[in-house]
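The residues making up each chain are set out below.
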Amino acid sequence: MGGSMKAPEKEILGTKMNHRHRPKITALVVDDNMVVRAIHHRLLQDLGIENQVAVNGKEAVDVHSSGQYFDLILMDMDMPVMNGIEATRKLRAMGIRSTIAGISSRSLEREKQEFMEAGLDDYHEKPLTADKIVSILHKISNHSG
Amino acid sequence: MERNQQLRRQLASMRQSLFDQGHLDEQFILLEELQDDANPNFVEEVVTLHYRDSARLITTIERALEKSPLDFNKLDGYMHQFKGSSTSIGAKKVKAESTQFREYCEAGNGEGCLKTFQLLKRDYATLRRKLEAYFQVLLCMG
């Protein structure tokens, strides 16, 4: 399970992200669990990704309504107030084109499908690892060319 | 110097036994890898957060198990949260028992839920005690 990223991979990622003409990648961690938020925040930080956290889907939507933008959103599925499926739908309806990756402990195909159909670009089962984040980030760099 | 070497050996032995006895899995190693000079107490901080979060959930689940009839949907919801937090720190046995509990919820098996919860609480307390002792030794090393 997991596995840490090797040093050369981190270096390549750092180069991509800190290139003079390419601003640093920013991310939003959306999860109601404080332990998960702390770990995901640190994982992203370790990869040089500036990131903020939100405790549920509504907070994620509100932060975007206030004008903030993130290259990457890591979205949990099960959250109180507003879950990840609803939040993803709302964000897409608002015209948010960030890379949204669903990060959930749900493993059933139909549950994953429902989440994907809400507007995700990617989906990973918890626990999140550096390797999984790198695979998500490759999608961002592919989108931006 | 010798004391530090002794402590180092003690720490390594305590850590290894947590894995050998099935209390922890690779997720704990991931947490250790995120610890560095800028975040020197990351593992202990996350584990502390987990115990704060999970203690509350255990009380909530205990109260829910006292009700009659049992609300299996609510119980499953609470255990889903508990499992998420336990998984995040690599609490292997507790995670397995959480999964079992949720299966009993799905089956509407109250007795199964009660029995599994007792096992879960036992292993949760054991891991907590062992981790606290581990961090205490770590603190002694400075």
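Residues numbered from 1 in each chain as written. Chains lettered and ligands numbered in written order. Predicted model: local features only at pLDDT ≥ 70, side-chain atom pairs only at ≥ 80, totals over all residues. Heavy atoms only, no water.

An unreviewed UniProt entry lists chain B under the name Histidine-containing phosphotransfer protein 4, with Citrus sinensis as the source organism.

Per an unreviewed UniProt entry, the recorded name for chain A is Response regulatory domain-containing protein, and the organism is Citrus sinensis.

A. Examining the nonpolar core more closely. Among the nonpolar cores identified, the biggest contains 59 residues, and Ile39 and Leu74 of chain A together with Phe101 and Leu131 of chain B are the most heavily contacted of them. Sorting elements by how many residues they give to this core places helix α3 (residues 42-66) of chain B first, with eleven residues. Beyond its immediate sequence surroundings of up to four residues, leucine 131 of chain B is in contact with Leu18, Leu24, Phe28, Val47, Tyr51 and Ile89 of chain B. (Core = buried A, V, L, I, M, F, W, Y, C linked by side-chain atoms within 4.5 Å. Buried < 20%, exposed > 50% of the residue type's maximum accessible area, 1.4 Å probe, protein only. Helix = DSSP H or I, 4+ residues; strand = E, 2+ residues; numbered from the N terminus. Contact = heavy atoms within 4.5 Å.)

B. Examining the UniProt feature "modified residue: 4-aspartylphosphate" (unreviewed entry) in chain A more closely. Residue and element names in this part refer to chain A. Taking the numbering used here, the UniProt-annotated feature "modified residue: 4-aspartylphosphate" (unreviewed entry) corresponds to Asp76. Positionally, aspartate 76 belongs in the loop between β3 (72-75) and α4 (84-93). Its relative accessible area of 4% is what places aspartate 76 among the buried residues. In contact with aspartate 76, other than residues within four places in its own chain, are Val30, Asp31, Asp32, Gly84, Ile103, Ser104, Phe115 and Lys126. (UniProt positions renumbered as here; feature names shortened; annotations may be inferred.)

C. Summary view of the pattern of salt bridges. All names here are of chain A. Taken as a whole and judged by the stated rule, the model has 14 salt bridges over all chains. Measuring nitrogen to oxygen at the nearest pair gives 3.6 Å for the salt bridge that ties aspartate 46 to arginine 42. Of the two residues, aspartate 46 and arginine 42 both sit in helix α2 (residues 34-46), four residues apart, roughly one turn of that helix. On the basis of relative accessibility, which here comes to 3%, the residue arginine 42 falls in the buried class. (Salt bridge = Lys/Arg side-chain N within 4 Å of Asp/Glu carboxyl O.)

D. Up close: the packing of helix α5 (residues 92-107) of chain B against helix α6 (residues 110-141) of chain B. All names here are of chain B. Following both chains from N to C, one finds α5 and α6 inclined at 165°, their axes separated by 9 Å at the closest point. Comparing their axes, α6 and α5 come out roughly antiparallel. The interaxial crossing formed by α5 with α6 has left-handed handedness. Contacts between α5 and α6 involve Lys93, Val94, Glu97, Ser98, Gln100, Phe101, Tyr104 and Cys105 on the former and, on the latter, Gly112, Cys113, Thr116, Phe117, Leu119, Leu120, Asp123 and Tyr124. Considering only residue class, the contact of α5 with α6 consists of nine nonpolar, four polar and three charged. (Axes fitted to C-alpha atoms, helices over the stretch in contact; angles between N-to-C directions. Parallel < 35°, antiparallel > 145°, perpendicular 65-115°, else oblique. Left-handed = near helix turned anticlockwise from the far one by under 90°. Nonpolar A, V, L, I, M, F, W, Y, C, P; charged D, E, K, R; others polar.)

E. Region of the structure containing the sheet that holds β3 of chain A. All names here are of chain A. Taken together, the five strands give an open sheet; going across it, the order is β2-β1-β3-β4-β5, and neighbouring strands pair in parallel fashion. Among the strands making up the open sheet, the edge pair consists of β2 (50-54) and β5 (122-125). If you compare each strand with its neighbour and ignore which way they point, the axes differ by 20° on average. Pairing analysis gives five bridges linking strand β1 (residues 26-30) to β2, with the strands arranged parallel. Within the sheet, the bridge partner assigned to threonine 26 lies in β2 and is glutamate 50. (Pairing = 2+ DSSP bridges.)

F. Expanded view of the interface of chain B and chain A. Each partner contributes residues to the interface: chain B has 21 residues there, and chain A has 17 residues. Here chain B and chain A share one salt bridge between them. Where arginine 42 of chain A meets aspartate 36 of chain B, a salt bridge forms, and the shortest distance between an N and an O atom there is 2.8 Å. Broken down by secondary-structure element, the contributors of at least two residues to the side of chain B that touches chain A are α2 (26-33), α3 and α4 (72-89) of chain B.

G. Just the side chain of serine 85 of chain B, in detail. The residue serine 85 of chain B is located in helix α4 in this model. On the basis of relative accessible area, serine 85 of chain B is assigned to the buried category, the value being 0%. Within the structure, the side chain of serine 85 of chain B is placed 3.3 Å from the side chain of aspartate 53 of chain B, a separation counted as a polar contact. What serine 85 of chain B contacts, discounting residues up to four positions off in sequence, is Asn33 and Val35 of chain A together with His50 and Asp53 of chain B. (Polar contact = N/O pair within 3.5 Å; in protein donor to acceptor, adjacent residues only side chain to side chain.)

H. The arrangement of the pairing of β1 of chain A in detail. Residue and element names in this part refer to chain A. Counting buried positions along β1 gives five out of five residues, so the element sits mostly inside the fold. Residues Thr26, Leu28 and Val30 of β1 are buried on one face, and the alternating residues Ala27 and Val29, pointing to the opposite face, are buried as well. Crossover connection from β1 via α2 to parallel β2: handedness right-handed. With four bridges connecting them, β1 and β3 associate as parallel partners. When the bridges of β3 are listed, leucine 28 appears paired with isoleucine 73. (Right-handed = clockwise from strand over helix to strand, strands pointing away.)

I. Geometry of the pairing of β5 of chain A. All names here are of chain A. Alignment of strand β4 (residues 99-104) against β5, held across four bridges, turns out to be parallel. Within β5, the position partnered with serine 104 by the bridge is glutamate 125. Assessed by its sense of winding, the connection that carries the chain from β4 through helix α5 (residues 109-117) to β5 is right-handed.

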